[in-house]
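Here are the chains, one letter per residue:
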Amino acid sequence: SSDAGGTLAIRARVLTYHAHPLGVGEGGSHRYIEDGLVVISDGLIEAVGEAGALLPDLALDCPVADYRPFLVTAGFVDPHLHLPQTQVVGSYGTELMEWLQRYTFPEETRYGDPAVADAASRFLLHELLRNGTTTAVAFCTSHPQSVESFFTESQRIGLRMVAGKVMMDRNAPEALLDTPRRGYDESKALIARWHGNGRLAYAISPRFAPTSTEAQLEATQALAAEYPAMHVQTHLCENTGEIAFVAELFPWSKDYTAVYERYGLVRRKALFGHCIHLSERERGALAEAGATAVFCPTSNLFLGSGLFDRDAALEAGLRTGIATDIGGGTSYSMLTTAAEGYKVLALRRQTLPGHAAFYMLTAGNADAIGYGDRIGQVAPGFEADLVVLDTHATPALRRRMERVETLEEELFVLMTMGDDRSIVSTYAAGRKVHARGTGGIDLPP
Ligand code: GUN
Ligand code: ZN
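Criteria and cut-off values
- Each residue is numbered by its place in its chain's sequence as written, counting from 1.
- To read the labels, note that chains go from A and ligands from 1, taken in the order they are written.
- In view of the model being predicted, local features appear only for residues whose pLDDT reaches at least 70, and side-chain atom pairs are presented and counted only at 80 or more, with totals across whole chains, interfaces and linings using the full set of residues.
- In computing side-chain properties, one takes all heavy atoms of the structure into account and sets aside hydrogens as well as water.
- Under the scheme used here, helices are H or I runs from DSSP no shorter than 4 residues and strands are E runs no shorter than 2 residues, and both carry numbers assigned from the N terminus.
- Radius of gyration: over C-alpha atoms. The globule rule applied is 2.2 Å multiplied by the number of residues raised to the 0.38 power.
- Between buried and exposed lies partly exposed: a residue is buried under 20% and exposed over 50% of the maximum accessible area for its type, with that area taken using a 1.4 Å probe on protein chains only.
- Note on contacts: a residue pair is in contact if any heavy atoms of the two residues lie within 4.5 Å.
- His residues and chain termini do not enter the charge count, which takes Lys and Arg as positive and Asp and Glu as negative.
- Just so you know, the charge point we use is NZ for Lys, CZ for Arg, CG for Asp and CD for Glu.
- Polar contacts, as counted here, are pairs of nitrogen or oxygen atoms within 3.5 Å of one another; within protein the pair requires one atom able to donate a hydrogen and one able to accept it, and residues that are adjacent in sequence qualify only if both atoms are side-chain atoms.
- A donor here means any N, O or S atom no more than 2.8 Å from the metal (3.2 Å for Na, K and Ca); water is not included, so a site may seem to lack partners.
- When four donors show all angles between 85 and 135 degrees the site is tetrahedral, when four or six donors have opposite pairs over 155 degrees and all other angles between 65 and 115 it is square planar or octahedral respectively, and in every other case it is irregular.
- Here a cavity denotes grid points, spaced 1 Å and computed from the protein atoms alone, that fit a 1.4 Å probe unable to get out, and a pocket denotes an open set having protein on both sides within 12 Å along at least 5 of 7 lines; residues with an atom within 4 Å of a point are the lining.
- Grid points are joined across faces, edges and corners, and a volume is the space filled by probe spheres set on the points.
- Three classes are used: nonpolar for Ala, Val, Leu, Ile, Met, Phe, Trp, Tyr, Cys and Pro, charged for Asp, Glu, Lys and Arg, and polar for all others, with Gly counted as polar.
- Ring pairs shown here join Phe, Tyr and Trp side chains whose ring centres sit within 6.5 Å, with only the six-membered ring taken for Trp; geometry is labelled stacked below 30 degrees between planes, edge-to-face above 60, and tilted in between.
- Per-residue confidence from the prediction method is given by pLDDT, with values spanning 0 to 100.
- Strands were regarded as paired on the criterion that DSSP finds at least two bridges between them.

S.K.: Talk me through the overall build of the chain; I want residue IDs and the actual numbers.
M.R.: Helices and strands together make up the secondary structure of the chain, namely 16 helices and 16 strands. Computed over C-alpha atoms, the radius of gyration of the chain comes to 21 Å, within 12% of the 22 Å expected from 2.2 N^0.38 for 445 residues, which places it in the range of a compact globule. Principal-axis analysis of the C-alpha atoms places the extent of the chain at approximately 65 × 50 × 40 Å. Going through the 445 residues of the chain one by one, you find that 61% of them count as buried. Nonlocal contacts in the chain, meaning residues at least 24 apart in sequence, comprise 75% of its contacts between residues at least 6 apart. Charged side chains in the chain number 39 positive and 54 negative. The centres of these two groups are separated by 1 Å.

S.K.: Could you give an account of the environment of H82, with specific residues and numbers?
M.R.: Turning to its location among the elements, H82 is positioned in strand β5 (residues 76-82). For H82, the residues in contact, after removing those within four places along its chain, are F139, R207, H235, D325, I326 and G327.

S.K.: Pulling in residues and values, what's your account of the side chain of H143?
M.R.: Tracing the chain through its elements places H143 in the loop between β6 (133-139) and α5 (144-157). There is a polar contact of 3.5 Å between the side chain of H143 and the backbone nitrogen of G112. Not counting the four nearest positions on each side in its chain, H143 is found in contact with E108, T109, Y111, G112, A175 and L176.

S.K.: Quick rundown of the coordination of the zinc ion (ligand 2)? Include the residues and the values.
M.R.: Summarising the metal site, the zinc ion (ligand 2) is bound by the protein donors H80 (NE2), H82 (NE2), H235 (NE2) and D325 (OD), whose distances to it range over 2.0 to 2.7 Å. Coordination at the zinc ion (ligand 2) comes from four donor atoms whose angles at the metal span 87 to 163°, giving a geometry best classed as irregular. Sequence spacing among the residues donating to the zinc ion (ligand 2) works out to H-x1-H-x152-H-x89-D. Of the two residues, H82 is situated in strand β5 and H235 in strand β10 (residues 231-236); the sequence distance between them amounts to 153 residues. Here H82 falls in the buried class, since its relative accessible area comes to 3%.

S.K.: Lay out the layout of surface pockets in plain terms, naming residues and giving numbers.
M.R.: Its volume calculated, the largest pocket comes out at about 220 Å³. Forming the walls of the largest pocket are H20, R310, A313, L314, G317, L318, R319, T320, Y359, M360, G364 and D367. Contributions of two or more residues to the lining of the largest pocket are made by α12 (310-316), β13 (319-322) and α14 (354-368). With four residues, the single largest contributor to the lining of the largest pocket is α14. In terms of residue class, the lining of the largest pocket is made up of five nonpolar, four polar and three charged.

S.K.: Please give an account of the packing of aromatic side chains that cites residues and values.
M.R.: Given two aromatic rings, one states the distance between the centres and the angle between the planes to describe the pair. Here the structure, examined in full by the defined rule, presents twelve aromatic pairs. Ring-pair connections join several aromatic residues into one group, and the members of that group are F150, F151 and W194.

S.K.: Mind laying out the confidence of the model for the chain, listing which residues take part and the relevant values?
M.R.: Looking at the chain, the pLDDT average stands at 96 and 96% of residues meet or exceed 70. The ipTM for the predicted assembly is 0.99, set against a pTM of 0.97.

S.K.: Tell me about the pairing of strand β3 (residues 44-50), residues and numbers included.
M.R.: Relative to β3, strand β2 (residues 30-41) runs antiparallel, the two being bridged by six bridges. Along β3, the bridge assignment pairs V39 with A47. The hairpin turn running from β2 into β3, its antiparallel successor, is two residues long, and D42 in that turn takes a positive phi close to 55°.

So this is what it looks like as structure tokens:
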């Protein structure tokens, strides 16, 4: 009944965003249908509306999954995480540069083994679906095999995913280093094989300025110039020690962002993880280029990196996403990520209401990665990547929800107290790929 290509309908409370709630004020940014129907055909959303209006026209043999009183939204989008860090999460006691040297780099050396990369890809993708995340932008390792594994498994499930082979040629263990030539050639081979293959897209992935020589950044610039519409992903201004190191390595550069500008890497669909300690100049340069800053609250708290300044980003017109950053980040759940984002912003005397948070997890993150025209909304023509949410999934949620009166409050409590237990079902391209409590996914044989 849920085969790709088939027609099906989902009946539930439907919630979708078409604009940023902070820009237009609550009410103008979303559509909410108390008894809604989402009609899906060939992996796309065909119609969305009142169940009472759409049901009479539905084909008699069209299966209807009745999820009332659950809530259906677009699947969550996680614009920054690391495939090889599922067994790094929760590594104790250090900040960024030491955390990389002591825990992360040694772990990543294991990913030259296809069995390790395959197992991690299977785990990660299924864990994302268990948390309602249907699209992610992933760093793999410097081993091309890690990208092969991730894309192979993503394609098997039918997910829209973005990923790339990390390029790094200095300041890491020998076993992780490529060279300017190898980084370029291996990336190109992966692009030829995977970019635009079904729902998959390649991201040009220099790890960050400290692990690339100027020669490698030049090769990266050449690659990026050959593929002007391709995603670029890297890290920027996460930690003060990191920023001081960049100043030492690139003495000619006026700031950290200028290193990436020098090599043509600041542009639309360039995703910069963290962006905590940006100057006004840097924020302006990123905004003007149409680039994206990615806020990773659980990681920024766990590694003691600092507090993202969301209001400064908004004022600068800098596109902003919110992400888990597994495994500097500590949760796979975008609900938990939003909750921790709220707390980071609270320390800055900034806010993140429920509607703004759910906008960010769906349409906002979709726009942040340049896919605002195909995912992130429950609307006709969009890809049928959906999550069904139970706002009363636990005793604590049920108790708290007794005192909730508005949708805004319900969403805010859901993100604050909810987690994978609130994820009832996840759909990708109209196919059910996760059902709560089953631990598996429905796939054609
Ligand atoms: N900067 C460069 N590499 C990494 C990484 O793997 N995680 C985080 N949080 N920051 C980085
Ligand atoms: Zn990262």
